[in-house]
Amino acid sequence: MSDLDALLQAAQADFAAAPTPAELENAKARFLGKSGRVTELMKGLGALSIDEKKTRGAEINQCKLAIEAALTARRDALAAAELEKQLKAEALDVTLPGRQRGTGGLHPITRAMERIEAIFASMGFDVADGPEIETDWYSFSALNNPENHPARSMQDTFYVDIKDEKGSWLNLRPHTSPMQIRYARAHAKRYAAQATTPEGMPEIRVIAPGRTYRVDSDATHSPMFHQVEGLWVGENISFKDLKAVYLNFITAFFETDQLQLRFRPSYFPFTEPSAEIDIMFESGPLKGRWLEVSGSGQVHPQVIRNMGLDPERYIGFAFGSGIDRLAMLRYGVNDLRAFFDGDLRFLAQFK
Ligand code: PHE
């Protein structure tokens, strides 16, 4: 093997052994650089005769071209390998589902509340909203539930260590019933001034949905829950109307008339007589079980008086239903706490 063939082989081997472009450039310098081996050979030409210079020069040149070709080939190979590596690292799996912007949805309790509002609005009920931080007077006393009366423990609430300007203790309302008083008082003055018209007396017909609070926590009770208060008082509003209104509501809410309503005697300080309203589905998974959904009763004359209305003229009914309970029954949810955990896997099902 000629010295030039050996040189070419050495260069090829060096290039092949260079694992990176930087090391390849170092190897290049060893052969083609200013003091590289090819350059050294060229320098050696000076000592030769003209004829020898010609042939040897041409041979060296040939060798140099071959070394350059080997260098280019190795450069290309390294670049291709680098590209391959990059492509692998940045590989796109086009079968992955795209990233979507999450769309929000209404909370199931909000949905239930909106259904309830729409149904009662269709029966001519106004929809009212009131404070969650209440005074002792609205939460209890005005509802015929005097201080220190044991019936107050029926709605054991969270008391706040603050009094309002009239000296009434503040609490987180344990029920929506204070709204009976608030709404009626907001309208009573106007009504009291109005004489009976041929259409009859002006009536109060309202629902008040919202948050309520009690010292309670298990699978069916949460310290914060939701109620809807209903109130209809007028000249001649009776239990018969309560039954008609409630049956209409409950069949619309559950979208079935395969159910029965039952009034079970009960006690509330603000109604007399009082009743729990139970419902029973005649079909479906809950078939045959009586389920309590509401307290109710004929508004107590003292409460009518506290509303600023004359109990000799005004009579009617009130009810207070648990919205969470209704939503659980409608959506088949068996743990109330699921509504308030904020778990998107649960909530997303209601979108
Ligand atoms: N406020 C009662 C409760 O929370 C329910 C109720 C409302 C009962 C209106 C009668 C009339 O239990």
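Reading the values: rules and limits
- Residues numbered from 1 in each chain as written.
- Predicted model: local features only at pLDDT ≥ 70, side-chain atom pairs only at ≥ 80, totals over all residues.
- Heavy atoms only, no water.
- Pairing = 2+ DSSP bridges.
- Helix = DSSP H or I, 4+ residues; strand = E, 2+ residues; numbered from the N terminus.
- Contact = heavy atoms within 4.5 Å.
- Expected span 1.5 Å × (residues − 1).
- Buried < 20%, exposed > 50% of the residue type's maximum accessible area, 1.4 Å probe, protein only.
- Axes fitted to C-alpha atoms, helices over the stretch in contact; angles between N-to-C directions.
- Parallel < 35°, antiparallel > 145°, perpendicular 65-115°, else oblique.
- Nonpolar A, V, L, I, M, F, W, Y, C, P; charged D, E, K, R; others polar.
- Polar contact = N/O pair within 3.5 Å; in protein donor to acceptor, adjacent residues only side chain to side chain.

What follows covers the sheet that holds strand E9 (residues 291-299). With respect to topology, 7 strands assemble into an open sheet ordered E1-E5-E6-E10-E9-E8-E7, the strand pairing being mixed. Sheet topology places strand E1 (126-127) and strand E7 (259-268) at the edges, where each strand pairs with a single neighbour. Here E1 pairs with strand E5 (residues 204-213) via 2 bridges, running parallel. In the strand pairing of E5, Asp126 is matched with Val206.

Bringing the environment of Val38 into the picture now. With respect to the helices, strands and loops of the structure, Val38 is situated in helix H3 (residues 37-44). For the pair Val38 and Gly320, spaced 282 residues apart in the sequence, the C-alpha separation amounts to 101 Å. Those residues in contact with Val38, other than ones at most four positions away along the chain, are Leu7, Phe31, Leu32, Ile60, Lys64 and Ile67.

We now examine helix H4 (residues 50-89). Spanning 40 residues, H4 covers 57 Å between terminal C-alpha atoms, matching the ideal 58 Å at 1.5 Å per step. Within the sequence span of H4, burial applies to Gly57, Ile60, Cys63, Ile67, Ala70, Leu71 and Leu78. On its buried face, H4 sits against helix H1 (3-17), helix H2 (21-32) and H3.

Quick look at the packing of H3 against H4 now. Close contact between H3 and H4 brings their axes to 10 Å; oriented N to C, the two are set at 170°. As summarised for this structure, H3 and H4 are arranged roughly antiparallel, according to the angle between their axes. On H4, the residues that touch Val38, Leu41 and Met42 of H3 are Arg56, Ile60, Asn61, Lys64 and Ile67. Looking at the contact of H3 with H4 residue by residue, the classes come out as 5 nonpolar, 1 polar and 2 charged.

Our focus in this paragraph is helix H8 (residues 239-254). Compared with an ideal rise of 1.5 Å per residue, which puts 16 residues at 22 Å, H8 spans 22 Å between its outermost C-alpha atoms and is within 8% of the ideal. Residues of H8 that are buried: Asp241, Leu242, Val245, Tyr246, Phe249, Ile250, Thr251, Phe253 and Phe254. After H8 finishes, the residue Glu255 shows a positive phi value of roughly 55°.

Next up on the list: the environment of Glu132. Relative to the elements of secondary structure, Glu132 occurs in the loop between E1 and strand E2 (133-135). Classification of Glu132 as partly exposed rests on a relative accessible area of 28%. Remark: the alpha-carbon pair of Glu132 and Arg173, spanning 41 residues in sequence, is separated by 5.6 Å. Discounting residues that sit within four places of it in the chain, Glu132 has contacts with Asn171, Leu172, Arg173, Arg211 and Tyr213. Side-chain polar atoms of Glu132 contact the side chain of Tyr213, separated by 2.5 Å.

Another point: the pairing of strand E4 (residues 169-172). One ladder, built from 3 bridges, connects E2 with E4; its direction is antiparallel. Opposite Glu134, over in E4, you have Asn171 as the bridge partner. Where strand E3 (residues 158-163) and E4 come together, 4 bridges link them in antiparallel fashion. By the bridge assignment, Tyr159 is partnered in E4 with Asn171. In textbook terms, the turn of a hairpin is the stretch between consecutive antiparallel strands, and for E3 and E4 this stretch comprises 5 residues, one of which, Gly167, has a positive phi near 85°.

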